[in-house]
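Listed here are the chains, written in short residue letters.
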Amino acid sequence: MVMMEFRINKNSPTNVIDILQSLSVSIDRAKNFAKKLQKNAYTFQLSEFRKILEQLEGVMKNIGDNLSSVPLSVYEDQDYAEKAAKALSKEMKAAYFKVSQTRVVDSKEKLQMLSSVDLSREDREETDKDLYSVDDEISTVNLRLSSYTESGNSGDKNDYERWSSGSLMSLPQMAQYMEPLYDTFFCPLTKKIMDDPVTIENGVTYERTEILEWFHKFENPEEIVCPKSGQKINSTNLSTNVALKATIDEWKERNETARIKVARAALSLASTENMVLEAIDDLQSVCNRKSYNKVQVRSFGMIPLLANFLNHKNRSIRCAALELLRELAEDDDEGQEIIATTVDISRVIKMLSSNHRPIRHASVSLLFVLSRTQFLCDEIGAVAGGILMLITAKYRQSIDAFTSEKADEILKNLEKLPNNIKLMAENGYWDPLLTHLVEGTEEMRMEMANYLEEIVLGPESKTNVAEKASPALLQMVHTGNSLSRNAAFKALKKISSYHPNAKILVEAGIIRIMVEEMFKRTIHNEPMNSKTEAAAILANILESGKELEDFQVSIHGQTMASDYIIYNIVHQIKNSTPDELNINLIRILLCLMKFPKASATIVSVIKETEASFNLIELINFSNDDLGVVSIKLLITLSAFMGHTLSTILCKTRGQPESLIQNPTEITRITEKDAVSVNFLAKLPHQNLTLNLALVNGNIVPTIIKSISQVQITGTRSSRYANAYFEGLVGILVRLTTTLYDHQILLQARTYNFTSVLTELLTKSYTDEVYKLSAIGLENLSKQSINLSMPPQMKKKKILKFFIFRQCSLPKSSKGEEFSLCPIHRGVCSSQETFCLLDAKADEQLLAFLDYENVEVVGAALSALCTLLDDNVDVEKSVSLLCEKRAIQQVLNVVKEHREEALRQKSFWVIERFLLKGGDKSASDISQDRLLPSTLVSAFHHGDECTRQMAENILRSLNKMPTLYNTFTM
């Protein structure tokens, strides 16, 4: 500090310059000695240690001599510098070092000296009290501070401990001595520096508030006396001591600047945590005094230093740094800008999750101040996860109410930027977006609607958003400009895609508005097709499953099932209509087909118009989505007008062969592949025109290859593989219904339909595949009796054939052996006559009688019934089936299933076994204890056919009396 005083004087004489140079050299030597001691104190030999200390003492005495040799003329009126130099010179000359040692012997018996250095002084003399109050302690501290600021040395640990314990002077005290005080600055009553000095009648100066309080203590004005002199005061008039006030204010400014410098040095060194905390606390008090001090603190580069302390290991330091940064940012745009470019905002936000409550409060308070500026709103919002942490803090009110409240205020400030609102919504905080959507300007509402369309709605927010946003969005659709309408349509489309929202949207009046947009309202030169968007929204709502068949959609009382509405929808489905609109219109029809009244109207309108032609033509469009929905509607319509659709399909160019792709061209099974083959499988099976078109189009080889390909790759290769496979099998089955045509019969024989379908029963597929396979085997088995013929033999062996007719193995002219089918009475094979026994399909069908799915059981049983038909040898068939325990399987079906159709088939089989199976079958059936009760129940509650069958079985089992015809004469 003495050096600093001298450097201020630019007119120093030459000898003074020499003295300063000598001082500078001595200080450098002292620093080197100190560093050497600090580095090697634990390894020096005692003799080396003492030698260095002797050299250090010499250097310090040299510094004292140099200071004492400075001429008095140099000080001029700087009394403080003169006294400080004298005191420091005296201290330097009197200083000496004392060494204490401790021996520590390690395993190698090496001796090390643990040395400590104590700086001792002679007894201090009292210094004369003057305007400049300087003593030895002050000069010692100043010396240390000079050492810190000049060299960055960490200093003596003992000194820091004394500093932290309060035995050394605090930073504010140090600054006061750097800017010396006058005794006249102090109020005689409070002994504190005055802020508003006033002079009373006798000329003594006091702090205004204190002297007024003194006067008020006297009830009688005549008894008032001066508190310092005791002199009686006749007048209580006060006059401001302008000169002293100006002097004090000037001193305060210099003192605060000095305090900032001292704090800057302390923070730069950061030698101890207490030093850092004290420096930050002092800066806070300086900033609190007046706002201009914040400018000075910034100008000294304090903000970057504070930013570094945000990563300090001591949480008290982090907290103090946050509080000071908040102070510097308060009501100061420039300070906020510096903080934004210097401080890591993400670090501040991260502190919101600190376990230390004061740090949370300090960080949220700083963020609140920063969030008042729009530029910093953008910075805070740009921090990855920042808004999420603020939202989390907001919702933790029960844990920390203050942080929750401040986080809420920060989020409100961040709403200045639309992108922040979007980020809040993405992180589950929808209130700002919905509020601006309802209450904002038209531009803001449009932007919020666009955000609604972009953001993925979470399951918890979908309903809330629908409730609050729907009215505002519908208003935008009805009254907004083109851009607003476009944004609102997209948002409503997004909201309506979540099916539980359908009820909310319907109650908000969306159906009527969307129907109006589709059929009545037209806005020319609009950049988007509102009809397409309205149709998509209406389709989403209908697909939710809400019954809207009778919902009124106009002021004239028209409903969704009205002829007018359905006709307009069907009329718009054409080639010239945009693909997206066609898709949405067909989706609406698909939903309405679920309702009886609407479906009847749709079928009627489609039959009367060319809509069916248009739908089939849309299959070949390049837009796969359009092709898929078109085929889905055609599949639904096939139950009502299947033969008509089959005829139109066959008349359409490129159909039906284009519906089935060659398996070598399919890299992955798509939805269109699946619905295409299912469309062909669902059309009426007995339609010979379509079946011949499939055969003539060489579709059968493609079907067989495709089935084989799926069997190899498996059905897990695509989500649509199962549906695709079911469609392929369905097409094969449809061909088995028209085997009376020789072309189709030839295809069935050539590609061995019986073996293909039987093999499907042996592997793991869907229930639909099992059911279709059983149905196909039933159809094939029905033709076996007609196709099974005796073997062709030469005429000369005809007699021999009849003689040995009972032989089981007659021989042909070529020596071939023919095996006569015991059931069909001729030569059978699975390929030529579709014989179930030859294909061993009967065993697989019997196994499926124990299946869970009723439809599969019914189909399997129906196929087995063909082996008990009147045209076959029933007795032998029963005998063969009994060997395979078929009757037990059928009895189990009766026990497990109560469906009327399945019971009728089961009763029919049981009745055949009783009639043709002899005593063995009757015994097996009568031993079933549950059968009689089941028959009785069916006799009481079944339909006429079931009752008759149950009655016949009960009579056969002697459970009912036999009725004889009685004639009356």
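Residue numbers restart at each chain and count upward from 1, following the sequence in its written direction. Two thresholds apply to this predicted model, a pLDDT of at least 70 for residue-level local features and 80 or more for giving and counting side-chain atom pairs, whereas whole-chain, interface and lining totals are computed over all residues. Computation of side-chain values covers all heavy atoms of the structure but excludes hydrogens and water.

Concerning the overall build of the protein chain
How we decide: Secondary structure is summarised from DSSP: a helix means a run of H or I of at least four residues, a strand means a run of E of at least two, and numbering begins at the N terminus for each. Burial classes: relative accessible area under 20% of the type maximum marks a residue as buried, over 50% as exposed, and values in between as partly exposed (1.4 Å probe, protein chains only). In this description, contact between two residues means that some pair of their heavy atoms is separated by no more than 4.5 Å.
Per the secondary structure count, the protein chain includes 49 helices and 7 strands. Burial statistics for the protein chain: of 969 residues in total, 49% are counted as buried. Expressed as a percentage of contacts within the protein chain between residues at least 6 apart in sequence, the contacts between residues at least 24 apart total 68%.

With respect to the packing of helix 26 (residues 510-519) against helix 28 (residues 563-572)
This is how the line gets drawn: Throughout, an axis means a line fitted to C-alpha atoms (over the contacting stretch in the case of helices), and angles, computed between N-to-C directions, take values from 0 to 180 degrees. In what follows, roughly perpendicular refers to angles from 65 to 115 degrees, roughly parallel to angles under 35, roughly antiparallel to angles over 145, and oblique to any angle outside these ranges. With the far helix as reference, a near helix turned anticlockwise by less than a right angle produces a left-handed crossing, and one turned clockwise produces a right-handed crossing. Throughout this entry, Asp, Glu, Lys and Arg are counted as charged residues, while Ala, Val, Leu, Ile, Met, Phe, Trp, Tyr, Cys and Pro are counted as nonpolar. The remaining residues, Gly among them, count as polar.
Where helix 26 meets helix 28, the axes come as close as 11 Å, and the angle between the chain directions of the two elements is 50°. Viewed along their axes, helix 26 and helix 28 adopt a mutual orientation that is oblique. Relative to helix 28, the crossing made by helix 26 is left-handed. Across the interface between the two elements, Val515, Met518 and Phe519 from helix 26 touch Tyr564, Ile565, Asn568, Ile569 and Gln572 from helix 28. Looking at side-chain class alone, the contact of helix 26 with helix 28 contains 6 nonpolar, 2 polar and no charged residues.

With respect to the packing of helix 16 (residues 357-370) against helix 19 (residues 401-414)
In the contact formed by helix 16 and helix 19, the axes pass within 9 Å of each other and the chain directions differ by 20°. The pairing of helix 16 with helix 19 is recorded here as roughly parallel in orientation. In this structure, helix 16 crosses over helix 19, and the sense of that crossing is left-handed. Across the interface between the two elements, Arg360, His361, Val364, Ser365, Leu367 and Phe368 of helix 16 pack against Phe402, Thr403, Lys406, Ala407, Glu409, Ile410 and Asn413 of helix 19.

Let's talk about the pattern of salt bridges
As a reminder, the rule being used: Between Lys or Arg on one side and Asp or Glu on the other, a salt bridge is scored when a side-chain nitrogen of the former is within 4 Å of a carboxyl oxygen of the latter.
The full count for this structure, using the stated rule, is 29 salt bridges. Measuring nitrogen to oxygen at the nearest pair gives 3.7 Å for the salt bridge that ties Glu327 to Arg326. Ionic pairing is found between Asp624 and Lys672, a salt bridge with its closest N-O pair at 3.9 Å. Here the residue Asp624 occupies a position in helix 32 (residues 624-651), and Lys672 occupies one in helix 33 (residues 671-682), the gap between them amounting to 48 residues. Overall, Asp624 belongs to the partly exposed group, its relative accessible area being 43%. For Lys672, a relative accessible area of 18% translates into the label buried.

Overview of helix 29 (residues 579-592)
Definition in use: Multiply 1.5 Å by the residue count of a helix minus one, and that product is the helix's expected span.
The end-to-end C-alpha distance of helix 29, which contains 14 residues, comes to 20 Å, matching closely the 20 Å that a straight helix rising 1.5 Å per residue would cover. In terms of burial, helix 29 is largely enclosed, as 12 of its 14 residues are buried. Buried within helix 29 are the following residues: Leu581, Asn582, Ile583, Asn584, Leu585, Ile586, Arg587, Ile588, Leu589, Leu590, Cys591 and Leu592. Next to the buried residues of helix 29 lie helix 26, helix 27 (530-542), helix 28, helix 30 (596-608), helix 31 (611-617) and helix 32.

Regarding the sheet that holds strand 5 (residues 197-199)
Worth spelling out the cut-off: Should DSSP find at least two bridges between two strands, the strands are taken to pair.
Reading across from one edge, 6-5-7 is the order of the 3 strands in this open sheet, with antiparallel pairing throughout. At either end of the open sheet lies a strand with only one pairing partner, and these are strand 6 (205-207) and strand 7 (239-240). Direction of pairing for strand 5 relative to strand 7: antiparallel, over a ladder of 2 bridges. Bridge pairing in strand 7 places Thr199 opposite Ser239. Packed on one face of the sheet, helix 8 (residues 208-216) meets strand 5, strand 6 and strand 7 and runs near 95° to strand 6. Taken strand by strand, helix 9 (residues 242-269) contacts strand 5, strand 6 and strand 7, and its axis lies near 160° from that of strand 5.

Remarks on the nonpolar core
Going by this rule: In this text, buried Ala, Val, Leu, Ile, Met, Phe, Trp, Tyr and Cys residues form a nonpolar core when linked through side-chain atoms within 4.5 Å.
If you look at the biggest cluster of nonpolar residues, it comprises 182 residues, and the most contacted ones within it are Leu433, Leu473, Ile588, Leu637 and Ile910. At 11 residues, helix 32 tops the list of elements feeding residues into this core. Here Leu433 is in contact with Ile421, Ala425, Met448, Tyr451, Leu452 and Ile455, once residues within four sequence places are set aside.

Regarding the environment of Ile586
Among the structural elements, Ile586 can be located in helix 29. Exposure remark for Ile586: the relative accessible area of 0% places this residue in the buried category. When the C-alpha atoms of Ile586 and Leu615 are compared, they prove to be 9.2 Å apart, with 29 residues separating the residues in sequence. Once residues within four sequence positions are removed from consideration, Ile586 is found in contact with Ile573, Leu615, Leu618, Leu626, Val629, Ser630 and Leu633.

Remarks on the side chain of Ser484
Following the sequence through the fold, Ser484 ends up in helix 24 (residues 482-496). Ser484 gets classed as buried once you look at its relative accessible area, which sits at 2%. What Ser484 contacts, discounting residues up to four positions off in sequence, is Glu442, Met446 and Met476.

What about the packing of aromatic side chains?
To keep things clear, this is the line we draw: Side-chain rings of Phe, Tyr and Trp (the six-membered ring for Trp) are treated as a pair once their centres are within 6.5 Å; stacked means planes under 30 degrees apart, edge-to-face means over 60, and tilted covers the remaining angles. For a lysine, the NZ atom is tested; for an arginine, the CZ atom; a charge sits over a ring if that atom is within 6 Å of the ring centre and within 35 degrees of the ring normal.
Taken as a whole and assessed by the stated rule, the structure comprises 7 aromatic pairs. A centroid spacing of 5.6 Å and a plane angle of 70° characterise the contact between Trp214 and Phe218, whose relative ring orientation is edge-to-face. Counting every residue linked through ring pairs, the aromatic cluster contains Tyr770, Phe848 and Tyr851. Over the aromatic face of Phe368 sits the side chain of Lys406, whose NZ or CZ is 4.2 Å from the ring centroid. Its end group placed over the ring of Phe939, Arg947 keeps NZ or CZ at 5.5 Å from the ring centre.

Regarding unusual backbone geometry
Following Gln655, the chain continues into Pro656 via a peptide bond in cis, with omega recorded as 0°. Topologically, Pro656 is positioned in the loop between helix 32 and helix 33. Unlike most non-glycine residues, Lys840 shows phi in positive territory, near 60°. Considering the arrangement of structural elements, one finds Lys840 in the loop between helix 41 (798-803) and helix 42 (841-847).

Let's talk about helix 12 (residues 302-309)
With 6 of 8 residues buried, helix 12 is to be regarded as a mostly interior element. Of all the residues in helix 12, the buried ones are Met302, Ile303, Leu305, Leu306, Ala307 and Phe309. The inward-facing, buried residues of helix 12 abut helix 9, helix 10 (273-289), helix 11 (292-299), helix 13 (315-329) and helix 14 (333-342).

Focus on the side chain of Lys771
Here Lys771 shows up in helix 39 (residues 767-782). The contacts of Lys771, once residues within four sequence positions are left out, are Glu855, Val856 and Ala859.

Focus: the state of the cysteines
What counts here: Only a pair of cysteine sulfur atoms within 2.5 Å counts as a disulfide in this structure description.
Evaluation of the coordinates by the stated rule reveals 0 disulfides. With no disulfide of its own, Cys821 lies 3.9 Å from the sulfur of Cys828, the closest cysteine sulfur. By relative accessible area, which is 7% here, Cys821 ends up buried.

Some words on the confidence of the model for the protein chain
Heads up, the rule is: Note: pLDDT gives the predictor's confidence per residue, expressed from 0 to 100.
Per-residue pLDDT for the protein chain has a mean of 81; in total, 84% of the residues score no lower than 70. Across residues 7-13 the pLDDT falls below 50, and counting only partners more than four positions away or on other chains, this stretch makes 6 contacts in the model. Under a pLDDT of 50 for its full length, residues 794-816 has, in the predicted model, 13 contacts with residues more than four places off or in other chains.

Describing the environment of Ala938
Note that Ala938 resides in helix 48 (residues 930-941). Owing to a relative accessible area of 3%, Ala938 belongs among the buried residues under this scheme. When neighbours within four sequence positions are excluded, Ala938 is seen to be in contact with Arg903, Phe907, Thr946, Arg947 and Ala950.

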